[in-house]
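Residues per chain are reported as follows:
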Amino acid sequence: MRRIISATVVALLAAQPVSAETFRWAGKTDPQTMDPHAVNSAPVLGFLNNVYEGLMRRDQNMQIEGALATHWEPIGSEGWRFHLREGVTFQNGSPFTAADVLFSYKRATLPQSDVASWFASVADVKIIDDYTVEFHTVAPNPIFPDTITNFMIMDQEWTEANDAAVPAKDAENYATRHANGTGAFKVVDRQPDLKTVVEPFADWWDEATHNITRAEYTPIQNPATAVAALLSGEVDMINPVPTQDVARLSHNADVKVLEDIEARVIMFGFSNQADTLKYTDDAGEPNPFKDPRVRMAVNHAINVDAIVQTIMRGSAQPVSQLVSPAMRGYSEKLADRPAYDLDKARALLAEAGYADGFSFGLKCPNNRYINDEAVCQAAVGMLAQIGLDVELEAMPVSNYWGELRAGNFDMYMLGWSPGSFDAEHPIRFLVTTPDPEKKLGSWNFGGFSNDKIDALLPQIQSEIDDTKRQALLDDSVKILQDEAGYVPMYVQALLWGARENVDLVQRADNFFILRWVTVN
Amino acid sequence: MTHSHNDTDTTPSRLSRAWHSDLAWKFRHSPIAMLSMSVTVLLVLSAIFAPLIAPHNPFDPGSLNLMNGFTPPLTPNAFTTDTFILGTDDQGRDIFSTILYGMRISLFVGFAAVSLGMIIGITLGLISGYFGGIVDAVIMRIADIQLTFPSILVAMLIFGVAKGFTPPQYRDEMAIWVLIIAIGLSDWVQFARVVRGATLVEKHKEYVQAARLIGRSATAIIFSHILRNVMSPVLVIATISLALAIIAEATLSFLGVGAPPTQPSLGTLIRIGQGFLFSGEWWILFFPAATLLMLALAVNLMGDWLRDALNPKLK
Amino acid sequence: MVSFLIRRVLQAGLVLLVVGLVAFSMFNFVGDPIDNMLGQERTQADIDRLRAQLGLDQPFVIQYWTFLTNAAEGNFGVSYRQGRPVSEIIAERAPATLELATVSALFAMSMGVILGIFTAIRRKGVLAHVIMSASLIGVSLPTFLIGILLIYLFSVELDWLPSFGRGEVTQVGAWSTGFLTSSGLKALVLPSITLGLFQMTLIMRLVRSEMLEVLRQDYIRFARARGLSERTINFRHALRNTLVPVITVTGLQLGSIIAFAIITETVFQWPGVGLLFINAVQFVDIPVMAAYLMLISVMFVTINLIVDILYVAIDPRLRT
């Protein structure tokens, strides 16, 4: 009897420290899948960066460093050669080789994969030896390594043995709820929508700098509940913190707020091509937004500083172009936003023949971007100052994209975060004339079209020289600014909350990297 | 059972006069009734005359200054030095004015939705309970279907369908009607079930049998006899329903289907305000919530009293 | 009685068919699932392929028919968001909602009946008035606000109770229960009160009003004249006769507790079917939405059936 009790006591004591140091964090949505190729979304890729690894990874400042590849170099202008790290094992113990890279490439480019677009420029992948692999591109691609940091490598043997060689989108396979990466943490319990538990991977190739023994992720949808959970100590970290709670939390001795600028630019777009307005009493009237002067007037009438100061409480940064200053290819020369100038805006409207203003419909999401609805509301007030009568319709994001795709707007809000962290990305998706064949302008809902920019894009994509490339990017930004094709407003802030005893690193892509966490 | 139902042989005008003077007497002797009545009347009047009372027009976006945002009550704004009696919200809207205008929308939605639910519910409940059989079965199965759909879902359905059919320029006005129909539709079942239940019991009572024997038509019996006698449970529900309809609007707003943010109702204001609970801008939540609480409490208390006062058996 | 039952079961089947139809026609309006399933770098070709793969390019009637035939076999399809069979997900989530609903209903019913009787018997007492007025506060604020205020008070300020989730759950076979751990029980308190408050007030007011009415009836006066004790009169005679409407309303409320759990579960991040449903709406996860609605319909129809049977059992006059 006594032996049983003491055994129990020992078991209890042994169990104690493990649960005591469980690090708990909460986000707004659950990563939908544990499959790194099935869903191209920030919650999934962000979470899986702790479990899987790519050839390269980004450091705390978003700079690229070696991960599963130690170094890499361009092969002339035909592609890139990667030298792989030796002695790396997957979490199931099997070794990592070039075959896994080729396998992962093939898997990621299947039609069922959601990340195939990363490899649009790749013609072929060749294994040179067990630890060397080459990606051949159809045209020179200077930023290729930058674009594939989230391309995560899976173990060929494990994936095939578990019948998961094809990413599952509308069904489930083994890789949906199980993971086998080379990363610092392994998934030990996965309960979709409830919690996902990870523990350190003992045989990780890199030196662990964290002190986590077990970490648990829970989605908490209601922002107020998440703040409450952080304040009461039920979780150690939350992402995001609502902008309005930043000041309060910063003054609380038990918690702290981390703030940085995100990659996402919030902008207004226009119905550039439609012949008539679609909304309000002026529906059916000729579309004033075809005139760049009208679009420029809107640009001058929106007081971005006031939005940032009040609605965003200083947690955002005004921006003049479609990418944030942290992105590669940002145009330093063109960093000034058009001044907030109502007289100029009215003058432009008058010049375009709309001295008395007009009325139109503005579409906005109400659960997609930080304070999206409030910002749109503020814009309605600001545009009223120059005689524009705006009817705002804010809707959940589940309906929003459909409305935009159907062209149901006169003006709309859009946020864009370039997946490649490069200024070329928004040009390709938002600015070039839509062309489904060439996969161009797929998010250019308003149909903005400019021949010069269309011609600049291929040049930008293949220019290897950084200075020349920047000049080309600058040209395109200049044209877009002069044409006022979009009204870029501000870069969203990253706002994380953590308990005072937690040290962590906030990366600009909003990925929470567990291996940089220390609990004191 | 000996029920005296000799109301029928008095003329309606005398009956109503007596009823009303009786009610007035009871009213004068109930402090709760008088207080809640005055509060309700005050709130309803201030909602009706909002454009005359409110210092600002919060529904006119051109008149707003974003820099006035988050001004605390009775404190001059740091940038614009404007002062607002109950402070401003995130858009720089005067809370006091916004509450008055918002209450108009809430009250309108509430009254309209409950009326809709009541008319449908009582009619179907009476028919169902009185006639029974296949009519009853059909109506009650429709009620089952209705109950299956949470009001949020009904609202979304109607929203979606209405969006498909409304010309774009009327979408703003549409939101309010969608709310009324959605809330009204999710309300009627309660009325119908209770009226049906009461009718089932009432129709076997002697006075109905007697009326039937002397050859009165079904409609006459239903409306003149049964309806009056099932009003007590209907009032209990109608009371709660009015307050509830106003609250349901707030809930729908929380789930993303509510009055447009540029023309907020009381519920939308609370939904917006709850985001500021932890941030220290208590006034954005507190004043609209307190107004809603006051309104709902007054209506509920008045309903309570009215029910007791109207109930002939509680004399 | 048997023919009554058969008739009702047939009617129930019809109800389910109509629910499925209404639900399905609704899905055309709640959004497009494809937008959520594909990342920002999707192309039109990807969209078309996925649409065909999911059968969304089929005419409405065929989609509905496929759904019905599969549902008849207990197959509700695969969730767009999780990629798992919907029946599996719902089975996993149902215990959370059922436990929450049970506790809320018990809370609402016991407190409602007790307070209802009390306020009826002590109609003119000060305490009864206070209870009547205070209870109204609970129905004069929206549920989500009550939930958030409770969290603010009991989790943040007082630090007594958890603000989200179910706490520690124990797996008993296929059923995950929060009843067996202290953290699980603590986690139940705030959501149950939030969810049950409205029903409690409704039941309390109903019990009170019915009690008052019954207490005025002749047979109660007669009982009193016969010299029966107040307790006997109140509980044996009066209470029993108030039960018909109370059962109707309580039965109906049981269903709406489950429906209203949507909001409570969202506020408290309670991992039940309500939260699942809200997630599904946001993601336009049609199979999950459809299954949820069918499930709720089955439940409502069953509850209504039970209420009707009880009705007949309690009030013999209804036996036609």
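Just so you know, these numbers come straight off a predicted model, no measurement behind them. Residue positions are given per chain, counting from 1 as you read along its sequence in written order. Chains and ligands are labelled by the order in which they are written, letters from A for the one and numbers from 1 for the other. In keeping with the predicted nature of the model, local features appear solely for residues at pLDDT of at least 70, side-chain atom pairs appear and are counted solely at 80 or more, and the whole-chain, interface and lining totals rest on all residues.

S.K.: Tell me about the overall build of chain C, residues and numbers included.
M.R.: Starting at the N terminus, helices and strands are each numbered in turn, a helix being any DSSP run of H or I of at least four residues and a strand any DSSP run of E of at least two. What chain C contains, in helices and strands, is twelve helices and two strands. Walking chain C from its N terminus toward its C terminus, one meets helices and strands in the order α-α-α-α-α-α-α-β-β-α-α-α-α-α. By residue count, 48% of the 320 residues in chain C fall in the buried class. If you take every contact in chain C between residues at least 6 apart in sequence, the share linking residues at least 24 apart comes to 71%. Any residue whose C-beta has 12 or fewer other C-beta atoms within 10 Å is treated as exposed, any with 20 or more as buried, and any in between as partly exposed, C-beta atoms being built from the backbone. Contact criterion: two residues are in contact if their C-beta atoms, reconstructed from the backbone, are within 7 Å.

S.K.: If you had to explain the packing of helix H9 (residues 292–301) of chain A against helix H11 (residues 342–351) of chain A to someone new, which residues and values would you point to?
M.R.: Residues and elements named next belong to chain A. Lines fitted to C-alpha atoms define the axes here, with helix axes fitted over just the stretch in contact, and angles between the N-to-C directions of these axes take values from 0 to 180 degrees. One way to put it is that H9 packs onto H11 with a least axis distance of 8 Å and a crossing angle of 165°. Compared by their axis directions, H9 and H11 come out roughly antiparallel. The chirality of how H9 crosses H11 is left-handed. Residues Arg293, Val294, Met296, Ala297, His300 and Ala301 of H9 form the contact with H11, whose participating residues are Leu342, Lys344, Ala345, Leu348, Leu349 and Glu351. Three classes are used, and their members are as follows: Ala, Val, Leu, Ile, Met, Phe, Trp, Tyr, Cys and Pro are nonpolar, Asp, Glu, Lys and Arg are charged, and the others, Gly among them, are polar. Of the residues in the contact of H9 with H11, the class split is eight nonpolar, one polar and three charged. When an angle is under 35 degrees it counts as roughly parallel; over 145 it counts as roughly antiparallel; between 65 and 115 it counts as roughly perpendicular; any other value is oblique. In this scheme the crossing of two helices becomes right-handed for a clockwise turn of the near helix relative to the far one and left-handed for an anticlockwise turn of less than a right angle.

S.K.: An account of helix H13 (residues 397–405) of chain A is requested, with residue identities and associated values reported.
M.R.: Restricting attention to buried positions, one finds in H13(A) the residues A:Ser398, A:Asn399, A:Tyr400 and A:Leu404. Packed against the buried residues of H13(A) are strand S14 (359–365), strand S15 (389–395) and strand S16 (411–416) of chain A together with helix H2 (33–37) and helix H11 (273–283) of chain C. Positive backbone phi, at 75°, marks A:Gly407, one or two positions downstream of H13(A).

S.K.: Break down the interface of chain B and chain A for me, citing the residues and quoting the values.
M.R.: On the chain A side, the residues contacting the 24 residues of chain B number 34 residues. Among the residues making up the side of chain B that touches chain A, the classes are represented as eleven nonpolar, ten polar and three charged.

S.K.: For the sheet that holds strand S7 (residues 132–137) of chain A, give the residues involved together with the corresponding values.
M.R.: Sheets are built from strands that pair by backbone hydrogen bonding, the pairs being arranged parallel or antiparallel. Residue and element names in this part refer to chain A. Here, a strand pair is defined by DSSP locating no fewer than two bridges between the strands. Reading across from one edge, S4-S5-S7-S6 is the order of the four strands in this open sheet, with antiparallel pairing throughout. Only two strands of the sheet have a single neighbouring strand rather than two, namely strand S4 (69–74) and strand S6 (122–129). On average, adjacent strands in this sheet sit at an angle of 20° to one another, irrespective of strand direction. Judged from the five bridges that link them, S4 and strand S5 (residues 79–84) form a sheet pairing that is antiparallel. Residue pairing in the sheet places glutamate 73 in a bridge with arginine 81 of S5. Sitting on the sheet, helix H3 (residues 98–108) touches S5, S6 and S7, and the angle it makes with S6 is about 165°.

S.K.: Explain the nonpolar core to me, and be specific about the residues and the numbers.
M.R.: To form a nonpolar core, buried Ala, Val, Leu, Ile, Met, Phe, Trp, Tyr and Cys residues must be joined through C-beta atoms within 7 Å. If you look at the biggest cluster of nonpolar residues, it comprises 328 residues, and the most contacted ones within it are A:Ile307, B:Leu179, C:Met289 and C:Tyr292. Here this core takes 18 residues from helix H9 (residues 218–254) of chain B, the largest share from any one element. Not counting chain neighbours up to four residues away, the residues in contact with A:Ile307 comprise A:Met312, A:Val375, A:Ala378, A:Met489, A:Tyr490 and B:Leu66.

S.K.: Can you lay out the pairing of strand S8 (residues 185–191) of chain A for me, pointing to particular residues and giving the numbers?
M.R.: All names here are of chain A. Relative to strand S9 (residues 195–200), S8 runs antiparallel, the two being bridged by six bridges. Within S9, the position partnered with glutamine 191 by the bridge is lysine 195. Here S8 hands over to S9 after three residues, with aspartate 193 in that stretch at a positive phi of 75°.

S.K.: Give me the lowdown on the pairing of strand S12 (residues 255–270) of chain A, citing residues and values where you can.
M.R.: Residues and elements named next belong to chain A. Two elements, S12 and strand S17 (residues 486–499), share twelve bridges in a ladder whose sense is antiparallel. Considered in S17, the bridge of leucine 258 is made with tryptophan 496. Where S12 meets S16, six bridges bridge the pair, whose relative direction is antiparallel. Within S16, the position partnered with valine 265 by the bridge is tryptophan 416.

S.K.: So what about unusual backbone geometry? Which residues, and what values?
M.R.: Each neighbour pair has its own omega, and for A:Asn239 with A:Pro240 the value is 0°, a cis peptide bond. With respect to the helices and strands, the residue A:Pro240 is situated in the loop between strand S11 (237–239) and helix H8 (246–251). The backbone of C:Asp159 shows a phi angle near 60°, a positive value even though the residue is not glycine. By secondary structure assignment, the location of C:Asp159 is in the loop between helix H7 (143–157) and strand S1 (170–172). C-beta crowding within 10 Å serves as the criterion here: with 13 such atoms nearby, C:Asp159 is assigned to the partly exposed category. Not every positive phi belongs to a glycine, and C:Val284 is a case in point at roughly 55°. Residue placement: C:Val284 occurs in the loop between H11 and helix H12 (286–314).

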